[in-house]
Amino acid sequence: MRRLLSMCLALALLLCGCGKQEARGAVTLWCASDDPLLPALRQAAEDYARLKKDAMALSLREFESAEALQSALNTARPELLLCSHTLAFALSEEGLLGTASVSVRYPDSLAQRAEGIGSSVFPLGSRVQLLLTCETDTPRELFALCAWALAQQRPCLAADSYADLICQSMLGTGEFHADRGRDCFSPAFQRAWNALADCAFSGSLYTGAFLPGASDAAFVYADRLTGGVPAGFTLSAPEAAPRLADLRCLALTRPSRGASAFLSWLFDGERPGSLALESGLIPALPGGEAAGELPALLLSLRDEALWLPDGGSDFVKNRAAFEADFREAMDLLR
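Residues numbered from 1 in each chain as written. Predicted model: local features only at pLDDT ≥ 70, side-chain atom pairs only at ≥ 80, totals over all residues. Heavy atoms only, no water.

## Some thoughts on the packing of aromatic side chains
As enumerated under the stated definition, the model contains 14 aromatic pairs in all. What links up through ring pairs into an aromatic cluster is the set Y162, F176, F189, W193, F315, F322 and F326. Positioned above the aromatic ring of W30 is the side chain of R61, whose terminal nitrogen or guanidinium carbon lies 5.2 Å from the ring centre. If you follow R127 out to its NZ or CZ, it ends over the ring of Y221, 3.8 Å from the centre. (Phe/Tyr/Trp six-rings, centres within 6.5 Å; stacked < 30°, edge-to-face > 60°. Lys NZ or Arg CZ within 6 Å of the ring centre and 35° of its normal.)

Spelled out as C-alpha coordinates, the structure:
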(Lines give C-alpha, C1' and ligand atoms only; values in the text may rest on other atoms or scores of the structure.)
Protein backbone atom coordinates (compact mmCIF):
# COMPACT_ATOMS: atom_id res chain seq x y z
CA MET A 1 0.00 0.00 0.00
CA ARG A 2 2.84 2.36 0.90
CA ARG A 3 4.53 1.61 -2.43
CA LEU A 4 1.30 2.37 -4.31
CA LEU A 5 0.93 5.72 -2.53
CA SER A 6 4.54 6.62 -3.38
CA MET A 7 3.96 5.83 -7.06
CA CYS A 8 0.78 7.96 -7.10
CA LEU A 9 2.62 10.86 -5.47
CA ALA A 10 5.48 10.63 -7.96
CA LEU A 11 3.00 10.57 -10.85
CA ALA A 12 1.19 13.62 -9.45
CA LEU A 13 4.46 15.56 -9.14
CA LEU A 14 5.41 14.64 -12.71
CA LEU A 15 2.07 15.83 -14.04
CA CYS A 16 2.37 19.10 -12.08
CA GLY A 17 5.83 19.66 -13.51
CA CYS A 18 4.56 19.09 -17.05
CA GLY A 19 1.69 21.49 -16.45
CA LYS A 20 4.05 24.28 -15.37
CA GLN A 21 6.20 23.74 -18.43
CA GLU A 22 3.23 24.01 -20.78
CA ALA A 23 1.69 27.05 -19.03
CA ARG A 24 4.70 29.21 -19.73
CA GLY A 25 3.14 32.28 -18.09
CA ALA A 26 4.38 35.76 -18.90
CA VAL A 27 6.97 38.32 -17.91
CA THR A 28 5.24 40.85 -15.67
CA LEU A 29 5.91 44.56 -16.08
CA TRP A 30 4.35 47.20 -13.84
CA CYS A 31 3.86 50.80 -14.92
CA ALA A 32 1.79 53.88 -14.18
CA SER A 33 -1.07 54.57 -16.60
CA ASP A 34 0.25 58.08 -17.33
CA ASP A 35 3.84 57.06 -18.04
CA PRO A 36 4.96 58.68 -21.32
CA LEU A 37 6.58 55.41 -22.43
CA LEU A 38 3.49 53.27 -21.93
CA PRO A 39 1.93 53.55 -25.43
CA ALA A 40 5.20 52.74 -27.19
CA LEU A 41 6.03 49.96 -24.74
CA ARG A 42 2.57 48.45 -25.20
CA GLN A 43 3.25 48.33 -28.95
CA ALA A 44 6.70 46.87 -28.28
CA ALA A 45 5.10 44.09 -26.22
CA GLU A 46 2.82 43.23 -29.14
CA ASP A 47 5.75 43.24 -31.57
CA TYR A 48 7.74 41.00 -29.22
CA ALA A 49 4.92 38.46 -29.02
CA ARG A 50 4.56 38.49 -32.81
CA LEU A 51 8.28 38.24 -33.63
CA LYS A 52 9.35 35.97 -30.78
CA LYS A 53 6.62 33.35 -30.78
CA ASP A 54 8.71 30.93 -28.70
CA ALA A 55 9.42 33.49 -25.96
CA MET A 56 7.39 34.31 -22.87
CA ALA A 57 4.94 37.13 -23.53
CA LEU A 58 5.16 40.47 -21.74
CA SER A 59 2.19 41.21 -19.47
CA LEU A 60 1.65 44.88 -18.58
CA ARG A 61 -0.08 45.84 -15.36
CA GLU A 62 -1.08 49.50 -15.18
CA PHE A 63 -1.51 51.46 -11.95
CA GLU A 64 -3.47 54.70 -11.70
CA SER A 65 -0.39 56.64 -10.56
CA ALA A 66 3.30 56.32 -9.79
CA GLU A 67 2.43 56.55 -6.09
CA ALA A 68 0.02 53.59 -6.37
CA LEU A 69 2.66 51.58 -8.18
CA GLN A 70 5.29 52.30 -5.54
CA SER A 71 2.87 51.38 -2.78
CA ALA A 72 2.14 48.03 -4.44
CA LEU A 73 5.85 47.17 -4.30
CA ASN A 74 5.46 46.74 -0.54
CA THR A 75 3.47 43.56 -1.03
CA ALA A 76 4.61 42.11 -4.37
CA ARG A 77 7.32 42.30 -7.01
CA PRO A 78 6.98 42.14 -10.79
CA GLU A 79 9.90 41.09 -12.93
CA LEU A 80 10.21 44.51 -14.58
CA LEU A 81 9.24 47.99 -13.51
CA LEU A 82 8.79 51.05 -15.74
CA CYS A 83 9.44 54.09 -13.58
CA SER A 84 11.36 57.30 -12.97
CA HIS A 85 15.05 57.21 -12.16
CA THR A 86 14.13 58.54 -8.71
CA LEU A 87 12.58 55.15 -7.87
CA ALA A 88 14.88 52.93 -9.95
CA PHE A 89 18.07 54.39 -8.46
CA ALA A 90 16.67 54.16 -4.93
CA LEU A 91 15.76 50.47 -5.39
CA SER A 92 19.25 49.82 -6.74
CA GLU A 93 20.92 51.53 -3.78
CA GLU A 94 18.81 49.45 -1.36
CA GLY A 95 19.88 46.23 -3.08
CA LEU A 96 16.33 45.45 -4.20
CA LEU A 97 17.11 44.90 -7.88
CA GLY A 98 18.46 41.84 -9.65
CA THR A 99 21.03 41.47 -12.41
CA ALA A 100 20.06 40.51 -15.94
CA SER A 101 22.03 38.06 -18.06
CA VAL A 102 22.20 40.81 -20.69
CA SER A 103 24.35 43.93 -20.40
CA VAL A 104 23.70 47.29 -22.10
CA ARG A 105 26.51 49.83 -22.49
CA TYR A 106 25.56 53.45 -21.71
CA PRO A 107 27.54 56.68 -22.13
CA ASP A 108 29.94 57.22 -19.21
CA SER A 109 28.07 60.33 -18.04
CA LEU A 110 24.98 58.19 -17.44
CA ALA A 111 26.65 54.91 -16.47
CA GLN A 112 28.38 56.64 -13.55
CA ARG A 113 25.15 58.17 -12.25
CA ALA A 114 24.08 55.09 -10.27
CA GLU A 115 24.99 51.48 -9.58
CA GLY A 116 23.58 48.83 -11.86
CA ILE A 117 22.95 50.95 -14.95
CA GLY A 118 22.99 48.60 -17.91
CA SER A 119 22.58 45.46 -15.79
CA SER A 120 19.68 46.10 -13.41
CA VAL A 121 18.54 49.62 -14.38
CA PHE A 122 17.97 50.33 -18.08
CA PRO A 123 17.34 54.03 -18.87
CA LEU A 124 15.33 54.70 -22.03
CA GLY A 125 14.82 58.45 -22.25
CA SER A 126 14.48 61.74 -20.41
CA ARG A 127 11.29 63.76 -19.98
CA VAL A 128 11.82 67.52 -20.31
CA GLN A 129 9.79 70.68 -20.78
CA LEU A 130 10.16 72.41 -24.14
CA LEU A 131 8.92 75.82 -25.20
CA LEU A 132 6.03 76.47 -27.58
CA THR A 133 5.68 80.01 -28.90
CA CYS A 134 3.49 81.77 -31.45
CA GLU A 135 6.22 84.22 -32.45
CA THR A 136 9.66 83.18 -33.63
CA ASP A 137 11.42 86.04 -31.83
CA THR A 138 9.94 85.25 -28.39
CA PRO A 139 12.71 84.96 -25.75
CA ARG A 140 13.73 81.49 -24.57
CA GLU A 141 15.19 82.57 -21.22
CA LEU A 142 12.72 82.62 -18.32
CA PHE A 143 13.21 86.18 -17.05
CA ALA A 144 13.32 87.68 -20.53
CA LEU A 145 10.17 85.70 -21.30
CA CYS A 146 8.46 87.09 -18.17
CA ALA A 147 9.37 90.64 -19.25
CA TRP A 148 7.92 89.90 -22.69
CA ALA A 149 4.72 88.51 -21.12
CA LEU A 150 4.27 91.62 -18.95
CA ALA A 151 4.24 93.77 -22.07
CA GLN A 152 1.41 91.71 -23.62
CA GLN A 153 -1.11 92.62 -20.87
CA ARG A 154 -3.15 89.43 -21.43
CA PRO A 155 -2.82 85.73 -20.52
CA CYS A 156 0.10 84.60 -22.67
CA LEU A 157 2.53 82.54 -20.55
CA ALA A 158 1.83 79.00 -19.28
CA ALA A 159 3.70 75.94 -18.04
CA ASP A 160 2.93 72.28 -17.46
CA SER A 161 5.05 72.47 -14.33
CA TYR A 162 5.93 75.73 -12.62
CA ALA A 163 7.80 73.72 -9.99
CA ASP A 164 10.13 72.43 -12.70
CA LEU A 165 10.41 75.92 -14.17
CA ILE A 166 11.53 77.46 -10.89
CA CYS A 167 13.83 74.54 -10.13
CA GLN A 168 15.46 74.95 -13.55
CA SER A 169 16.05 78.64 -12.94
CA MET A 170 17.72 77.89 -9.59
CA LEU A 171 20.13 75.17 -10.70
CA GLY A 172 23.63 76.06 -9.62
CA THR A 173 22.49 78.58 -7.01
CA GLY A 174 21.64 76.22 -4.17
CA GLU A 175 19.05 73.59 -3.30
CA PHE A 176 15.41 74.13 -4.23
CA HIS A 177 13.24 72.57 -1.53
CA ALA A 178 9.90 73.22 -3.26
CA ASP A 179 8.78 74.70 0.05
CA ARG A 180 8.02 78.43 0.18
CA GLY A 181 8.74 78.58 3.90
CA ARG A 182 12.32 77.41 3.34
CA ASP A 183 13.01 78.70 -0.16
CA CYS A 184 11.91 82.29 0.54
CA PHE A 185 15.38 83.11 1.93
CA SER A 186 17.06 82.25 -1.38
CA PRO A 187 17.65 85.27 -3.69
CA ALA A 188 17.37 82.97 -6.72
CA PHE A 189 13.98 81.70 -5.56
CA GLN A 190 12.80 85.23 -4.78
CA ARG A 191 13.74 86.35 -8.26
CA ALA A 192 11.91 83.50 -10.01
CA TRP A 193 8.83 83.70 -7.77
CA ASN A 194 8.55 87.49 -8.10
CA ALA A 195 8.98 87.43 -11.88
CA LEU A 196 6.14 84.93 -12.25
CA ALA A 197 4.04 86.72 -9.61
CA ASP A 198 4.39 89.99 -11.54
CA CYS A 199 3.05 88.20 -14.60
CA ALA A 200 0.15 86.82 -12.58
CA PHE A 201 -0.68 90.23 -11.11
CA SER A 202 -0.71 91.80 -14.57
CA GLY A 203 -2.92 89.03 -15.93
CA SER A 204 -0.17 87.64 -18.17
CA LEU A 205 0.26 84.26 -16.42
CA TYR A 206 -2.01 81.36 -17.35
CA THR A 207 -2.47 78.76 -14.60
CA GLY A 208 -4.87 76.40 -16.35
CA ALA A 209 -3.89 73.36 -18.41
CA PHE A 210 -2.27 74.56 -21.61
CA LEU A 211 -4.26 74.19 -24.80
CA PRO A 212 -3.32 75.73 -28.16
CA GLY A 213 -4.82 79.20 -28.26
CA ALA A 214 -4.94 79.55 -24.47
CA SER A 215 -1.56 81.29 -24.37
CA ASP A 216 1.10 82.47 -26.79
CA ALA A 217 4.01 80.82 -24.98
CA ALA A 218 4.06 77.66 -22.91
CA PHE A 219 6.57 75.32 -21.30
CA VAL A 220 5.16 71.92 -22.25
CA TYR A 221 6.35 68.41 -21.53
CA ALA A 222 7.67 67.09 -24.83
CA ASP A 223 5.75 63.81 -24.56
CA ARG A 224 2.50 65.80 -24.90
CA LEU A 225 3.57 66.76 -28.42
CA THR A 226 4.02 63.32 -29.96
CA GLY A 227 0.93 63.95 -32.08
CA GLY A 228 2.62 66.97 -33.65
CA VAL A 229 3.41 70.59 -32.87
CA PRO A 230 0.19 72.68 -32.78
CA ALA A 231 -0.44 74.76 -35.88
CA GLY A 232 0.90 78.27 -35.59
CA PHE A 233 3.46 77.39 -32.90
CA THR A 234 7.23 77.11 -33.01
CA LEU A 235 8.99 74.53 -30.84
CA SER A 236 12.32 75.25 -29.17
CA ALA A 237 14.41 74.24 -26.18
CA PRO A 238 14.44 76.85 -23.40
CA GLU A 239 17.88 77.92 -22.25
CA ALA A 240 19.21 75.51 -19.63
CA ALA A 241 22.62 74.30 -18.46
CA PRO A 242 22.24 71.66 -17.16
CA ARG A 243 18.70 70.73 -18.16
CA LEU A 244 16.30 69.39 -15.54
CA ALA A 245 15.06 65.95 -16.60
CA ASP A 246 13.10 62.95 -15.41
CA LEU A 247 14.83 59.82 -16.69
CA ARG A 248 12.42 56.99 -17.49
CA CYS A 249 13.86 53.52 -16.85
CA LEU A 250 13.14 49.83 -16.84
CA ALA A 251 14.24 48.28 -13.56
CA LEU A 252 14.77 44.54 -13.11
CA THR A 253 13.08 43.81 -9.81
CA ARG A 254 12.91 40.02 -10.14
CA PRO A 255 15.41 38.33 -12.50
CA SER A 256 14.19 35.61 -14.83
CA ARG A 257 15.11 34.14 -18.19
CA GLY A 258 11.99 35.67 -19.70
CA ALA A 259 12.84 39.16 -18.43
CA SER A 260 16.42 38.93 -19.69
CA ALA A 261 15.20 37.68 -23.08
CA PHE A 262 12.82 40.63 -23.41
CA LEU A 263 15.50 43.14 -22.37
CA SER A 264 17.93 41.59 -24.88
CA TRP A 265 15.36 42.06 -27.65
CA LEU A 266 14.27 45.54 -26.59
CA PHE A 267 17.80 46.93 -26.38
CA ASP A 268 18.94 45.51 -29.67
CA GLY A 269 20.19 48.01 -32.26
CA GLU A 270 18.33 51.30 -32.56
CA ARG A 271 15.10 50.05 -30.98
CA PRO A 272 15.53 51.86 -27.60
CA GLY A 273 16.39 55.17 -29.30
CA SER A 274 13.35 54.94 -31.56
CA LEU A 275 11.14 53.96 -28.61
CA ALA A 276 12.22 57.06 -26.69
CA LEU A 277 11.64 59.40 -29.64
CA GLU A 278 8.19 57.94 -30.28
CA SER A 279 7.40 58.73 -26.64
CA GLY A 280 8.63 62.33 -26.77
CA LEU A 281 11.76 61.67 -24.70
CA ILE A 282 15.43 62.50 -25.18
CA PRO A 283 16.96 59.08 -26.00
CA ALA A 284 19.43 57.69 -23.49
CA LEU A 285 21.07 55.58 -26.19
CA PRO A 286 22.06 56.15 -29.83
CA GLY A 287 19.54 55.48 -32.56
CA GLY A 288 16.31 56.92 -33.84
CA GLU A 289 15.57 59.18 -36.77
CA ALA A 290 14.85 62.90 -36.79
CA ALA A 291 11.53 62.34 -38.57
CA GLY A 292 9.72 65.52 -37.62
CA GLU A 293 10.19 68.71 -35.66
CA LEU A 294 9.94 67.15 -32.19
CA PRO A 295 12.27 64.15 -32.79
CA ALA A 296 14.83 66.44 -34.42
CA LEU A 297 14.85 68.77 -31.42
CA LEU A 298 15.02 65.88 -28.94
CA LEU A 299 17.98 64.36 -30.80
CA SER A 300 19.77 67.72 -30.72
CA LEU A 301 19.51 67.67 -26.92
CA ARG A 302 20.92 64.16 -26.46
CA ASP A 303 24.49 65.35 -25.82
CA GLU A 304 23.47 68.05 -23.37
CA ALA A 305 24.20 67.77 -19.66
CA LEU A 306 21.06 66.67 -17.83
CA TRP A 307 20.32 67.21 -14.15
CA LEU A 308 18.53 64.26 -12.58
CA PRO A 309 17.16 65.11 -9.12
CA ASP A 310 17.77 62.64 -6.32
CA GLY A 311 14.71 60.64 -5.31
CA GLY A 312 15.21 61.54 -1.67
CA SER A 313 15.50 65.28 -2.29
CA ASP A 314 12.99 67.77 -0.91
CA PHE A 315 12.25 68.88 -4.47
CA VAL A 316 11.02 65.44 -5.51
CA LYS A 317 9.10 64.89 -2.29
CA ASN A 318 7.41 68.32 -2.32
CA ARG A 319 7.05 68.86 -6.06
CA ALA A 320 3.34 68.04 -6.42
CA ALA A 321 2.29 70.00 -3.32
CA PHE A 322 4.37 72.99 -4.37
CA GLU A 323 2.80 72.99 -7.83
CA ALA A 324 -0.72 73.12 -6.36
CA ASP A 325 0.30 75.80 -3.86
CA PHE A 326 1.94 77.93 -6.55
CA ARG A 327 -1.07 77.87 -8.85
CA GLU A 328 -3.39 78.72 -5.98
CA ALA A 329 -1.17 81.64 -4.93
CA MET A 330 -0.95 82.99 -8.50
CA ASP A 331 -4.72 82.77 -8.92
CA LEU A 332 -5.16 84.97 -5.86
CA LEU A 333 -2.98 87.66 -7.45
CA ARG A 334 -5.09 87.98 -10.57
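## Quick look at a negative patch on the surface
Where like charges cluster on the molecular surface, the negative patch consists of E93, E94, E115 and D310. The topology assignment puts E93 in helix α4 (residues 85-93). Its relative accessible area of 64% is what places E93 among the exposed residues. (Patch = residues over 30% accessible without salt bridge, like charges linked within 9 Å, V, L, I, M, F, W, Y side chains within 5 Å. Areas by Shrake-Rupley, 256 points an atom, 1.4 Å probe, with all protein chains shown as cover. Salt bridge = Lys/Arg side-chain N within 4 Å of Asp/Glu carboxyl O. Lys, Arg positive; Asp, Glu negative; His and termini not counted. Charge placed at Lys NZ, Arg CZ, Asp CG, Glu CD. Helix = DSSP H or I, 4+ residues; strand = E, 2+ residues; numbered from the N terminus. Buried < 20%, exposed > 50% of the residue type's maximum accessible area, 1.4 Å probe, protein only.)

## With respect to the pairing of strand β1 (residues 26-32)
Burial analysis of β1 places five of its seven residues in the buried class, which makes it a mostly covered element. Note: β1 against strand β2 (residues 57-63), seven bridges, orientation parallel. Bridging across to β2, A26 finds its partner in A57. Where the polypeptide runs from β1 across helix α2 (residues 38-51) and back to β2, its parallel neighbour, the crossover connection is right-handed. Here two bridges tie β1 to strand β3 (residues 80-84), and the two strands are oriented parallel to one another. Residue pairing across strands places W30 opposite L81, the latter belonging to β3. (Pairing = 2+ DSSP bridges. Right-handed = clockwise from strand over helix to strand, strands pointing away.)

## Remarks on the sheet that holds β1
Across the sheet, six strands lie side by side as β2-β1-β3-β10-β4-β11; this open sheet has mixed pairing. Because the sheet does not close on itself, it has two edges, and the strands there are β2 and β11 (282-283). Where β3 lies against strand β10 (residues 246-252), five bridges are found, and the strand directions are antiparallel. By the bridge assignment for β10, C83 is matched with C249. Across the face of the sheet, α4 comes into contact with β3, β4 (121-127) and β10 while running at roughly 125° to β3. (Contact = heavy atoms within 4.5 Å. Axes fitted to C-alpha atoms, helices over the stretch in contact; angles between N-to-C directions.)

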